[in-house]
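Descriptive structure summary
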Amino acid sequence: MKQTTLDALSRVYVKLEEITTELYNLADNAVDQGDFDDASLLQARANILYEQMENIDIVISELGG
């Protein structure tokens, strides 16, 4: 895999990590406020992005050396 592709995947991973963290924090805040429907939605979206992060990490690890 080209280094530019690995670099791009690494940048995307970092961005997804930031977004995922924000979503989890928002979900926690929603729980604190008793907004359980919102919390559930936010956490579900964060979980999906977290899965994508794991997949990208595997690709980087396996193909990047």
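Below you will find a few notes about this structure. (Residues numbered from 1 in each chain as written. Predicted model: local features only at pLDDT ≥ 70, side-chain atom pairs only at ≥ 80, totals over all residues. Heavy atoms only, no water.)

1. Section: helix α1 (residues 3-32)
Over its 30 residues, α1 runs 43 Å from end to end, which matches the ideal 44 Å to within 8%, given 1.5 Å per residue. Listed as buried for α1 are L6, L16, T20, L23, A27 and A30. Those residues of α1 that are buried are in contact with α2 (36-64). Immediately beyond the C-terminal end of α1, within one or two residues, lies G34, with a positive phi of roughly 80°. (Helix = DSSP H or I, 4+ residues; strand = E, 2+ residues; numbered from the N terminus. Expected span 1.5 Å × (residues − 1). Buried < 20%, exposed > 50% of the residue type's maximum accessible area, 1.4 Å probe, protein only. Contact = heavy atoms within 4.5 Å.)

2. A word on α2
The end-to-end C-alpha distance of α2 is 41 Å, a good match for the 42 Å that 29 residues give at a rise of 1.5 Å each. Looking at the buried residues of α2, the elements they touch are α1.

3. Structural notes on the side chain of T20
Looking at the secondary structure, you find T20 in helix α1. Discounting chain neighbours no more than four positions away, the residues touching T20 are A46, L49, Y50 and M53.

4. Side note on the packing of α1 against α2
Relative orientation of the contacting elements α1 and α2 amounts to 160°, with a least axis distance of 8 Å. If you check the angle between α1 and α2, you find them roughly antiparallel. The handedness of the crossing between α1 and α2 comes out as left-handed. The residue makeup of the contact of α1 with α2, split by class, is 22 nonpolar, six polar and four charged. (Axes fitted to C-alpha atoms, helices over the stretch in contact; angles between N-to-C directions. Parallel < 35°, antiparallel > 145°, perpendicular 65-115°, else oblique. Left-handed = near helix turned anticlockwise from the far one by under 90°. Nonpolar A, V, L, I, M, F, W, Y, C, P; charged D, E, K, R; others polar.)

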